[in-house]
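# Per-entry structural report
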Amino acid sequence: MNKYTIITAIAIIVIVIPVLYGFWNIYSIEQIQIRTADEKFSYFDMANYERIKLCNPNPFFVTFNGLRIEALYREDVKGTFAIGQQTLEPESSQILEVKFSSDSYSESQYLFMHMDGQFAGEVPMRIDPTEMILKTTYDTRIIGVIPYQITVTHSGFDFTQMMNEDSLCENND
């Protein structure tokens with residue numbers, strides 16, 4: 001083998017590994033599971049105590065630059081939960097602090113209390129629960145440079161059900 005073949009092979013490896021890592025990270029982010037940090041999920045508690053549990057069921061580390069969960073009611077953002085850059089260990093879960101922000105804190109609290117009560121069947125329906133949507137957006141980078149976002153949309157009820165499910169990491173913790 002001549003030296004140019006060796007140099008070419010090394011250059012290809014140096015280029016391919018970061019690209020594969022970037023795409024693997026995107027796949028892994030899509031597998032992350034968001035769950036409640038408490039026994040039972042409550043929008044009101046999530047806004048006040050500002051904690052969620054993230055589970056990484058993958059056998060590799062997962063890194064993202066940010067996570068944002070927007071609570072919308074009738075297409076109007078009522079509050080945003082945000083987490084900064086994180087690296088999740090393989091096959092484990094972490095309880096993370098989120099920052100909650102809202103233009104009208106009292107309005108978002110009222111909405112969250114009603115949704116919690118309605119989804120639990122404890123209060124009569126006064127606010128249409130089908131109008132509540134949650135958008136979860138993960139920010140990451142491909143090859144550490146190219147910004148990439150993954151957005152998942154849930155209804156308020158589906159988000160509540162998802163938060164109360166067991167994660168794949170429960171057996172590993």
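So, here's what we can say about the structure. (Residues numbered from 1 in each chain as written. Predicted model: local features only at pLDDT ≥ 70, side-chain atom pairs only at ≥ 80, totals over all residues. Heavy atoms only, no water.)

This part covers the overall build of the protein chain. Of regular secondary structure, the protein chain possesses four helices and ten strands. Along its sequence from the N terminus, the protein chain presents helices and strands in the succession α-β-α-β-β-β-β-β-β-β-α-β-β-α. Relative to the compact-globule value of 16 Å for 173 residues, the protein chain shows a C-alpha radius of gyration of 20 Å, a clear excess of over 25%. Expressed as lengths along the three principal axes of its C-alpha atoms, the size of the protein chain is roughly 80 × 35 × 25 Å. Taken across its 173 residues, the protein chain has 40% of its residues classed as buried. Contacts spanning at least 24 positions in sequence make up 62% of the contacts within the protein chain whose residues lie at least 6 apart. (Helix = DSSP H or I, 4+ residues; strand = E, 2+ residues; numbered from the N terminus. Rg over C-alpha atoms; globule rule 2.2 N^0.38 Å. Buried < 20%, exposed > 50% of the residue type's maximum accessible area, 1.4 Å probe, protein only. Contact = heavy atoms within 4.5 Å.)

Within the secondary structure, Phe112 sits in helix H3 (residues 105–120). The spatial distance from the C-alpha of Phe112 to the C-alpha of Ala71 is 9.4 Å, given a sequence separation of 41 residues. Not counting the four nearest positions on each side in its chain, Phe112 is found in contact with Tyr43, Phe44, Ala47, Ala71, Phe81, Phe100 and Met132.

Here we take up the nonpolar core. The biggest cluster of nonpolar side chains holds 35 residues, and the ones touching the most others in it are Tyr43, Ile52 and Leu54. Once residues within four sequence positions are removed from consideration, Tyr43 is found in contact with Phe112, Met115, Asp116, Phe119, Met132, Leu134, Gly156, Phe159 and Thr160. (Core = buried A, V, L, I, M, F, W, Y, C linked by side-chain atoms within 4.5 Å.)

Another point: the sheet that holds strand S1 (residues 33–36). Read from one edge to the other, the open sheet built from three strands follows the order S1-S2-S7, with strand pairing classed as antiparallel. The two strands at the open ends of the sheet, each matched to only one other strand, are S1 and strand S7 (92–97). Going from strand to strand, the sheet's axes swing by 30° on average, the running direction of each strand aside. In this sheet, strand S2 (residues 51–56) lies alongside S1 in antiparallel orientation, the contact comprising four bridges. Bridge pairing links Thr36 to Ile52 in S2. Each of S1 and S2 touches helix H4 (residues 156–164); the most contacted strand, S1, lies at about 85° to it. (Pairing = 2+ DSSP bridges. Axes fitted to C-alpha atoms, helices over the stretch in contact; angles between N-to-C directions.)

Before going further, it helps to spend a moment on empty space enclosed by the protein. Take a probe with the size of a water molecule and roll it over the atoms, and the empty space left behind shows itself. This model, assessed by the stated rule, comprises one cavity of 30 Å³ or more. Reported here for the largest cavity is a volume of approximately 70 Å³. Lining the largest cavity, in full, are Thr36, Ala37, Asp38, Phe41, Ser42, Asp45, Met46, Tyr49, Arg51, Ile52 and Met163. Every element with two or more residues in the lining of the largest cavity is listed here: helix H2 (43–49) and S2. (1 Å grid on protein atoms, 1.4 Å probe; cavity = no way out; pocket = protein on both sides within 12 Å on 5 of 7 lines; lining within 4 Å. Points joined across faces, edges and corners; volume = space filled by probe spheres on them.)

Counted under the stated rule, the structure contains one disulfide. Sulfur-sulfur distance for the disulfide between Cys55 and Cys169 comes to 2.0 Å. When the S-S torsion is 80°, as for the bridge of Cys55 with Cys169, the disulfide is right-handed. Separated by 114 residues along the polypeptide, Cys55 in strand S2 and Cys169 in the segment after H4 bring together distant segments of the chain. With respect to class, Cys55 is no different from Cys169; both count as buried. (Disulfide = S-S within 2.5 Å.)

What follows is about the packing of aromatic side chains. Within a pair of aromatic rings, the relevant descriptors are the distance that separates the centres and the angle that separates the planes. Throughout the structure, instances matching the rule amount to 13 aromatic pairs. Summarising the aromatic geometry, the rings of Trp24 and Tyr27 are spaced 5.2 Å apart at their centres and angled 40° between planes, so their arrangement reads as tilted. Separated by three residues within a single helix, Trp24 and Tyr27 lie in helix H1 (residues 3–31), roughly one turn from each other. Among the aromatic residues, ring-to-ring pairing joins Phe41, Tyr43, Phe81, Phe100, Tyr105, Phe112, Phe119, Phe157 and Phe159 into one connected group. (Phe/Tyr/Trp six-rings, centres within 6.5 Å; stacked < 30°, edge-to-face > 60°.)

Burial analysis of strand S4 (residues 66–73) places six of its eight residues in the buried class, which makes it a mostly covered element. The pairing of S4 with strand S9 (residues 132–142) spans eight bridges and is antiparallel. Bridging from a neighbouring strand, Arg68 pairs with Thr137 of S9. In the sheet, S4 pairs with strand S5 (residues 76–83) via seven bridges, with the strands oriented antiparallel. Opposite Glu70, over in S5, you have Thr80 as the bridge partner. Taken together, S4 and the strand that follows it, S5, pair antiparallel across an intervening segment of two residues, in which Arg74 is found at a positive phi of about 50°.

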